[in-house]
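Read off the chains here:
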Amino acid sequence: MKDAIHVVPTTYDDEGFPVWSTPLTPSENTKRALVLATPDQVIPVIFVPGIMGSNLKLVNGVQAAELAAGAPAWRPDNAGLGGAMMSAAARQRLLNPKNTTIDTRITIGKDHWVNPPANMSLKAAEARGWGSVFWKSYGDFLTHLDSVLNAPCFYDPNIDKVLINGAFQELVSTGIPVRGQSNLKLERTELEHMSEYWFPVHAVGYNWLQSNEDAGKYLASEIRRIKALYQKKFKRPEACQKVVVITHSMGGLVTRAAVHPNMGGAADDVWGVIHGVMPALGAAAAYKRMRTGFEKDDVPSFDIGRRIVASATQAFVGNNGRDVTAVLGHAPGGLQLLPNTAYLPEGWLKITGVESQPYTVPMNSNPYNSIYREQNKWWRLINPDWLDPAMLFVKDKAKTAWDSFDTALTQAENFHAKLGHQYHPNTYSFYGNDGAHHPSYATVTWEKASNMYQGDISPLFNWHSTDVKLMKEGLAYNKAEDDRGHTGAHLGTSTSQAINFSMTEPVEAGDGTVPSISGAAPHQFASSCVRVQLSLTGIDHQGAYSTSNGTVMDFVAYSVCKIAKDAP
C-alpha cells in the first residue's frame, strides 16, 4: 500500500517569491510531503490600468488643503477622502500633474488598501506593485490571474498523472466562440509548454495626469527592472528574458508608448501585449465629460467595486464640466483620450433640430484646431473661465491658464502624431461592441432646444436662416451655458438673438465609454500586428476585467498561453 501524500501549499515571501514549509513529524507518520516546485523559467505578467486606475500622492504639500508631501492625492479605495465636498479650485490644486507621482504604498498609517490572497503577505503584494492600482476595481482580477496562469496543468499524486486544470479544460475542448469564425482553442501541448514557466503577476500604475509618453517611458523602465529582479534571483539572465503586458483602457496607450522605438523602446523586452477596451483613436466621451462631467455609471448595486470607482470618479474629478475642466484642462494624459485626427475625420460633432439633416461641425481633419483650441464658438471644448478656479495663473505674467491648457493639448496632439498606429508585433485585443446595453458616444450630438429673441422681432420673419447662422457661427452665450450639457449661441455682441442646445444621450455601439470604432482600430490600422481581436457584447468599460466576465477571463488565459509559445 502506497503511503499517503500531502502536497505542500505554495506561499510567498515578502519579496513575492515562492516558498514551501512543512512541519517535522514523528517517524511513525509515513505520510509524505510533496513539493510541486515553481519553474525557474519566468515570464512576468504586468497589468497596466486605465486612467484613474492608478493611485497618486503629492510630491509637495498643498497648503490650502492642509496636506503634506506624500499625502494621497488620488486613492479611490479610500472613499473617505471627501472628494464630493471639494470645490473646483481644490481639485485643481490637488490633482496637479506637476505635483503628483505614483503611489505604490499598500499601508498608509494604520490602514491598508489591498487584500491579497491568504498565501501572500502585504509586503509581497507591495513588491508586486499591487498597491499602485485601484484595488476594488482590479484586485480580484490580479489574484485570479496569479492563480490561473500558474496552474494550466497540475500533477495529481493520487493517480500519478498530469491533468488539465478546470479553468483550461473548456479552452481545449470547446474554446471561445467567435462570430463567423472557428472557436479559439488551445492544444494540450501548448498548456504543457506553458506549465514550464512561472507567471508572477505584477501591476504597474502610472501618473495618469501626465502625458502617456512619460508614463510609457516609466513603464518601460519598470519592465526592465522587473526582468532584472528575476534574473538576479535565479542568477542567470536567461531565467527571465521577456514579459507579457495586459492593459486596460488608457493603459493600452501607455503600453504602446512603452514599446514604441522612439519612446520607451521596450518592444524587445515584451513577448506580447493583450489590450482590453483601449481607446486607440480616443473617445468622444472625453469631449462630453469636459462639457458635462462624469456621468453616473449604471452599475448594479451588488457590484461594489464598480460602484465605488464610478462614485470616486465623480467625487474627485467632477460630475460637471466646471470641475472636470479645472483638472483635465491641464492634464496631457486626460486630453490624450480626446478623438485624434484618425477618429472619424469627416466629423463626429453633430447638431440637429435646425436643418432637416444633421449638421456636422467641420473638422478639416484636425479637431485639435477646429474644436479643442476654439475659445469662442458655442460648441467649443473648453470654457476658458473654468480653467483656473484656484487663480493659480492670475499672478503669472508669463503664462495664462489658457497657455497651460494649450501646452497640455499640444502634448496630446504630438503624442498621437508620434504614436501613430504603432503596436507590438504580437498583439491580442478585445473591445466592446454593444449598443443595446452599453451605448457609447461615437458621435456627440447637440440638439436644438429653444430660440430666444428678445426685443428685436425681425428674426421672426426669417427665423430659419437666423437659426442656421447661429448654429454655424454662433458664439458661446454664457448666460445659457451650464456645466451639465446645456449651452447657448448668440451672434456678435447681441444676445437678443440666441438659440439654446442640449446634448443628447449616446446611442452607438461600444462599452459605455469607448465606441466600437475606436476599440476595433488595432486590427483596422495594424492588422499585421494583431493576432486575434474579439468584438464582445455585454462588456462594461470600467468592469471589463471583472472576474464575472467569463469570456474575457478565458481570452486572457488563451492569449497568455499563445504568447508564451514564443518562449524557448
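J.: Got a sec to walk through the overall build of the protein chain? Specific residues and values, please.
T.: Scanning the protein chain for helices and strands turns up 17 helices and 25 strands. Taking 568 residues into account, the globule formula puts the C-alpha radius of gyration at 24 Å, and the protein chain, at 26 Å, falls close to it. Here the C-alpha coordinates of the protein chain stretch approximately 105 × 60 × 45 Å along the principal axes. A total of 568 residues make up the protein chain; the buried ones form 55% of that total.

J.: Give me the side chain of His438: which residues, what numbers.
T.: For His438, the location among the structural elements is in the loop between strand 20 (427-432) and strand 21 (444-453). Residue contacts for His438: discarding those within four places in its chain leaves Glu508, Gly510, Asp511, Gly512, Gly538, Ile539 and Asp540.

J.: Break down the pairing of strand 18 (residues 349-352) for me, with residues and values.
T.: Judged by which residues are buried, strand 18 turns out to be one-sided: Leu349 and Ile351 face inward and are buried, whereas Lys350 and Thr352, on the alternate face, are not. Note: strand 18 against strand 19 (residues 359-360), two bridges, orientation antiparallel. In the sheet register, Lys350 faces strand 19, and the bridge partner there is Thr360. Counting the residues that bridge the hairpin from strand 18 to strand 19 gives six residues, and of these Gly353 lies at a positive phi of roughly 95 degrees.

J.: Before we move on, can you summarise the nonpolar core with the specific residues and values?
T.: In this structure, Ile246, Tyr287, Trp348, Leu349 and Phe555 are the most contacted members of the largest nonpolar core, which totals 151 residues. When sequence neighbours within four positions are dropped, the list of residues in contact with Phe555 reads Ile176, Leu184, Ile274, Tyr428, Ser429, Phe430, Val532 and Leu534.

J.: Outline empty space enclosed by the protein, listing residues and values.
T.: Within the structure shown, the criterion is met by one cavity of 30 Å³ or more. Space inside the largest cavity adds up to approximately 50 Å³. Around the largest cavity, the lining residues are Gln41, Val42, Ile43, Tyr197, Glu238, Ala239, Cys240, Gln241, Lys242, Trp271, Ala567 and Pro568. Considering only residue class, the lining of the largest cavity consists of eight nonpolar, two polar and two charged.

J.: So what's going on with the pattern of salt bridges? Residues and values would help.
T.: Pairing is possible between side chains that carry opposite charge, provided their charged atoms lie close to one another. Tallied over the entire structure, the rule returns 19 salt bridges. A salt bridge links Asp40 to Arg236; the nearest nitrogen and oxygen atoms lie 3.7 Å apart. Taken together, the residues Asp40 in the loop between strand 4 (32-34) and strand 5 (45-48) and Arg236 in the loop between helix 6 (212-234) and strand 16 (243-248) connect sequence positions 196 residues apart. Lys136 is paired through a salt bridge with Asp77; the nearest N and O atoms lie 3.9 Å apart. With Lys136 in helix 3 (residues 135-148) and Asp77 in the loop between strand 7 (72-74) and helix 1 (88-94), this pair connects stretches of sequence that are 59 residues apart. Here Lys136 falls in the partly exposed class, since its relative accessible area comes to 41%.

J.: How would you sum up the sheet that holds strand 7? Please name residues and give values.
T.: Across the sheet, three strands lie side by side as 7-6-8; this open sheet has antiparallel pairing. A single partner strand is all that each edge strand has here, and the edge strands are strand 7 and strand 8 (100-102). Taken pair by pair, the neighbouring strands of this sheet meet at an average axis angle of 45 degrees, ignoring direction. Taken together, the three bridges between strand 6 (residues 56-58) and strand 8 define a ladder with antiparallel strand orientation. Residue pairing across strands places Leu56 opposite Ile102, the latter belonging to strand 8.

J.: Run through the packing of helix 6 against helix 7 (residues 251-259), naming residues and quoting values.
T.: Two numbers describe how helix 6 lies on helix 7: the axes approach to 7 Å, and their chain directions differ by 65 degrees. Between helix 6 and helix 7 lies a crossing whose hand is right-handed. Taken together, the residues of helix 7 that come into contact with helix 6 (itself represented by Asn212, Glu213, Ala215, Gly216, Leu219 and Ala220) are Leu253, Val254, Thr255, Ala257 and Ala258. Among the residues forming the contact of helix 6 with helix 7, the class breakdown is seven nonpolar, three polar and one charged.

J.: Summarise the sheet that holds strand 15 (residues 201-203); cite the residues concerned and give the values.
T.: Taken in spatial order, the six strands line up as 15-5-16-17-20-25 in an open sheet, and their pairing is parallel. The open sheet is flanked by strand 15 and strand 25 (530-536), the only strands paired with a single partner. Here the average twist between neighbouring strands, direction ignored, is 15 degrees. Pairing of strand 5 with strand 15 involves three bridges; the strand directions are parallel.

J.: Describe helix 13 (residues 401-419), listing the residues and the values that go with them.
T.: For helix 13, which comprises 19 residues, the first-to-last C-alpha distance of 27 Å matches the rise-based estimate of 27 Å (1.5 Å per residue) to within 8%. Looking only at helix 13, the buried set comprises Ala401, Trp402, Ser404, Phe405, Ala408, Leu409, Ala412, Glu413, Phe415, His416 and Leu419. As for helix 13, its buried residues are in contact with helix 6, helix 7, helix 11 (332-335) and helix 12 (367-372). Where helix 13 terminates, the next one or two residues include Gly420, which has phi positive at roughly 55 degrees.

J.: Can you tell me about unusual backbone geometry, naming the residues and giving the values?
T.: Residue Asn364 is not a glycine yet carries a positive backbone phi of 50 degrees. Its place among the elements puts Asn364 in the loop between strand 19 and helix 12. The residue Ser365 is not glycine, and still its phi comes out positive at about 60 degrees. Mapping Ser365 onto the fold places it in the loop between strand 19 and helix 12.

J.: Go over the confidence of the model for the protein chain, please, and point to the residues and values.
T.: Averaged over every residue, the pLDDT of the protein chain is 89; residues scoring 70 or more account for 90%. Contacts for the low-pLDDT stretch residues 298-307, under 50 throughout, to residues beyond four places or in other chains number nine contacts.

J.: Lay out the packing of aromatic side chains with the relevant residues and their values.
T.: Under the counting rule described, the total for this entry stands at 18 aromatic pairs. Both rings, one in Phe17 and one in Trp198, keep their centres 6.1 Å apart while their planes meet at 55 degrees; by these two values the pair is tilted. Separated by 181 residues along the polypeptide, Phe17 in the loop between strand 2 (11-12) and strand 3 (18-19) and Trp198 in the loop between helix 5 (188-194) and strand 15 bring together distant segments of the chain. In terms of burial, Phe17 and Trp198 fall into one category: buried.

J.: Any chance you could break down the environment of Ile563 for me, citing the residues and the numbers?
T.: Position of Ile563 relative to the elements: it lies in helix 17 (residues 550-564). Through-space distance from the C-alpha of Ile563 to that of Gly272 is 5.8 Å; in sequence the pair is 291 residues apart. What Ile563 contacts, discounting residues up to four positions off in sequence, is Val244, Trp271, Gly272, Val273, Ile274, Asn426 and Tyr428.

J.: Requested: an account of helix 10 (residues 321-328), with residues and values cited.
T.: Counted residue by residue, helix 10 has seven buried out of eight residues, so it is predominantly covered. Its buried side turned inward, helix 10 meets helix 1, helix 8 (285-292) and helix 11. For helix 10, the side-chain oxygen to backbone nitrogen distance between the N-cap and Arg322 is 3.1 Å, and the N-cap itself is Asn320.

J.: Tell me about the environment of Glu213, residues and numbers included.
T.: Relative to the elements of secondary structure, Glu213 occurs in helix 6. Using a relative accessible area of 15% as the deciding quantity, one classes Glu213 as buried. Spatially, the C-alpha atom of Glu213 lies 5.6 Å from that of Ala257, the residues being 44 residues apart in sequence. With residues up to four places along the chain from it excluded, the contact list for Glu213 reads Ala257, Asn262, Met263, Phe415 and Lys418.

How each quantity is defined
- Residues numbered from 1 in each chain as written.
- Predicted model: local features only at pLDDT ≥ 70, side-chain atom pairs only at ≥ 80, totals over all residues.
- Heavy atoms only, no water.
- Helix = DSSP H or I, 4+ residues; strand = E, 2+ residues; numbered from the N terminus.
- Rg over C-alpha atoms; globule rule 2.2 N^0.38 Å.
- Buried < 20%, exposed > 50% of the residue type's maximum accessible area, 1.4 Å probe, protein only.
- Contact = heavy atoms within 4.5 Å.
- Pairing = 2+ DSSP bridges.
- Core = buried A, V, L, I, M, F, W, Y, C linked by side-chain atoms within 4.5 Å.
- 1 Å grid on protein atoms, 1.4 Å probe; cavity = no way out; pocket = protein on both sides within 12 Å on 5 of 7 lines; lining within 4 Å.
- Points joined across faces, edges and corners; volume = space filled by probe spheres on them.
- Nonpolar A, V, L, I, M, F, W, Y, C, P; charged D, E, K, R; others polar.
- Salt bridge = Lys/Arg side-chain N within 4 Å of Asp/Glu carboxyl O.
- Axes fitted to C-alpha atoms, helices over the stretch in contact; angles between N-to-C directions.
- Left-handed = near helix turned anticlockwise from the far one by under 90°.
- Expected span 1.5 Å × (residues − 1).
- pLDDT = per-residue confidence, 0-100.
- Phe/Tyr/Trp six-rings, centres within 6.5 Å; stacked < 30°, edge-to-face > 60°.
- Polar contact = N/O pair within 3.5 Å; in protein donor to acceptor, adjacent residues only side chain to side chain.

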